[in-house]
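# Descriptive analysis of the structure
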Amino acid sequence: MAPHVLVLGGTTEARALAAALAARPGVRVTTSLAGRVSRPGALDGDVRIGGFGGVEGLAEWLRAEHVDALVDATHPFAAGITANAVRAAAAVGVPAVVVRRPGWEPGPGDRWHPAASLAEAADMLPTLGRRVFLTTGRLGLAAFAPLSELDFLVRSVEPPEPPMPRHTEVLLARGPFTVEGETALLREHRIDVLVTKDSGGAATSAKLTAARTLGLPVVVVRRPPLPDGVAPAADVAEALARLDASLSRPGR
Ligand code: NAP
């Protein structure tokens, strides 16, 4: 039977993996999306949408759909689904590859302030500036809601929901973004400080270059840890190589 690969998606890496796998004759690929984005772009192969119902639900799905290998290509901050994927794959005996693009590193001239969480990022803001560009996504704005004396420009793909800070302007946009565009945006809104997750990758890194150019401080929220024992693949090519190795293992 054609090998069936489940890709846990929501990232550009997941999209590239689905395209690469769907192009292979005799491979079936299904991408799973959480359903957070109302109009996800087209994906190669099959697509399923919505949670599985925890570790048990995912394990059951792997069994029922005769999945031969799983790739967790979810966002570095989607720690819940990654933990579930590793546990469910182990329970069912399905090989699993976790893809994590490397985090961003500060360069000369950067004024980065690492934060362990969104709450810690919020605590730092009053000492760093009054006009904040918040790019941590539409979820988790509650952590910033008490900061009613600050002005927030919130950029997200989907409209954020309350609670959020009293003075909030929302900008709906999806990357990739350019350094020119980001610099113009920071200037236009007279931004004092940028807040970002350490998402990594090129699609949303232009804001960091723009902040450096303008000498602005950046609060960088650190990634949650990977489950114990997981050594991630850094990119799509490495994930495909590891998948190939596990799918060609005898006795699979
Ligand atoms: P999360 O906290 O790790 O996951 C919460 C629950 O959502 C999971 O337990 C699972 O529900 C469901 N879920 C998450 N990803 C799923 C997927 N790909 N397919 C099916 N169910 C999924 O995740 P999150 O941070 O809310 O992120 C949700 C999705 O958005 C992820 O797929 C991620 O790649 C994408 N995303 C997240 C961020 C971010 O900053 N967190 C940024 C960009 C994109 P069940 O337990 O019911 O299975």
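As annotated in an unreviewed UniProt entry, the chain is Cobalt-precorrin-6A reductase from Streptomyces scabichelini. One UniProt comment on the chain, placed under Pathway (unreviewed entry), says "Cofactor biosynthesis; adenosylcobalamin biosynthesis."

Residues Leu 125, Phe 144, Phe 152, Val 195 and Val 219 are the most contacted members of the largest nonpolar core, which totals 20 residues. Sorting the residues of this core by element identifies α4 (118-124), β7 (131-134), β8 (151-156), β10 (193-197) and β11 (217-221) as the ones contributing at least two each. Here the element with the most residues in this core is α4; it accounts for four residues. Leave out the neighbours within four places in its chain, and Phe 144 touches Leu 118, Ala 121, Ala 122, Leu 125, Leu 134, Thr 136, Phe 152, Pro 165 and Val 195. By size, the runner-up hydrophobic cluster in this structure holds 18 residues, among which are Val 27, Val 71, Ala 233 and Leu 247.

For any pair of aromatic rings, the description rests on two quantities: the centre-to-centre distance and the angle between the ring planes. Inspection of the entire model under this criterion finds two aromatic pairs. Each ring, one from Phe 52 and one from Trp 61, has its centre 5.7 Å from the other, and the planes form 70°; the classification is edge-to-face. You'll find Phe 52 and Trp 61 in the same group, each marked buried. Centre to centre, the rings of Phe 144 and Phe 152 are 6.0 Å apart; their planes meet at 65°, and the pair counts as edge-to-face. Under the relative-accessibility criterion, Phe 152 is labelled buried at 3%. Arg 48 extends its terminal NZ or CZ atom over the ring of Phe 52, reaching a point 3.8 Å from the ring centre.

Bringing the domain arrangement of the chain into the picture now. Put simply, an interface is often sized by how much accessible area is lost when its parts join up. Considered domain by domain, the chain is made up of domain 1 (4-101 + 225-248) and domain 2 (112-221). If you average the C-alpha positions of domain 1 and of domain 2, the two centres end up 29 Å apart. Counting from both sides, the interface comprises eight residues of domain 1 and, opposite them, 10 residues of domain 2. Buried area between domain 1 and domain 2, both sides added, is near 710 Å², and the carbon and sulfur share of it is 53%. The largest contributions to the domain 1 side of the interface with domain 2 come from Arg 36, Phe 77 and Arg 101, which together make up 60% of the buried area. Counting across the domain 1 and domain 2 interface gives zero salt bridges. Counting every contact that joins domain 1 to domain 2 gives five residue pairs in polar contact (both at pLDDT 80 or more).

Here His 189 lies in the loop between α5 (179-188) and β10. The class for His 189 is buried, based on a relative accessible area of 11%. In this structure, His 189 is in contact with Arg 131, Leu 153 and Glu 169, ignoring residues within four places of it in sequence.

Looking now at unusual backbone geometry. The residue after Pro 162, namely Pro 163, is reached through a cis peptide bond having omega 0°. If you trace the backbone, Pro 163 turns up in the loop between β8 and β9 (168-172). For the bond from Gly 175 to Pro 176, the omega torsion is 5°, close enough to zero to count as cis. Here Pro 176 shows up in the loop between β9 and α5. For Arg 190, which is not glycine, the phi dihedral falls at a positive 50°.

With that settled, consider helix α1 (residues 12-22). Every buried residue of α1 is listed here: Glu 13, Ala 14, Leu 17, Ala 18 and Leu 21. Burial along α1 is one-sided: seen end-on, the buried residues are contained in an arc of 135°. Looking at the packing, one finds that the buried side of α1 touches β1 (4-8), β2 (28-33), β4 (69-72) and α7 (236-247).

Reading guide: rules and limits
- Residue indices begin from 1 for each chain and proceed along its sequence in written order.
- This being a predicted model, a pLDDT of at least 70 is required before a residue's local features are given, and a value of 80 or more before pairs of side-chain atoms are given or counted; all residues contribute to the totals for chains, interfaces and linings.
- The side-chain figures draw on all heavy atoms in the structure; neither hydrogens nor water molecules are used.
- UniProt positions are given in the numbering used here, feature names are shortened, and annotations may be inferred rather than shown by experiment.
- To form a nonpolar core, buried Ala, Val, Leu, Ile, Met, Phe, Trp, Tyr and Cys residues must be joined to one another through side-chain atoms within 4.5 Å.
- When a residue's accessible area, from a 1.4 Å probe over protein chains only, is under 20% of the maximum for its type it is buried; when over 50% it is exposed; and in between it is partly exposed.
- Numbering of helices and strands starts at the N terminus; helices are DSSP runs of H or I of at least 4 residues and strands are runs of E of at least 2.
- A contact between two residues is defined here by any heavy atoms of the two lying within 4.5 Å.
- When the centres of two rings from Phe, Tyr and Trp lie within 6.5 Å, Trp using its six-membered ring, the rings pair. Their planes under 30 degrees apart give stacked, over 60 give edge-to-face, and anything left gives tilted.
- Working rule: Lys NZ or Arg CZ, within 6 Å of ring centre, within 35 degrees of ring normal, means a charge sits over the ring.
- Each domain's extent was defined by an automatic or database domain assignment.
- Note: buried area is the sum, over both parts, of the accessible area (probe 1.4 Å) each one loses when the two are combined.
- The term salt bridge refers to a side-chain nitrogen of Lys or Arg lying within 4 Å of a carboxyl oxygen of Asp or Glu.
- N or O atoms closer than or at 3.5 Å make up a polar contact, with two conditions inside protein: a donor-capable atom paired with an acceptor-capable one, and, for residues adjacent in sequence, both atoms drawn from side chains.
- In this description, one arc is meant: the one made by directions from the helix axis to the C-beta atoms.

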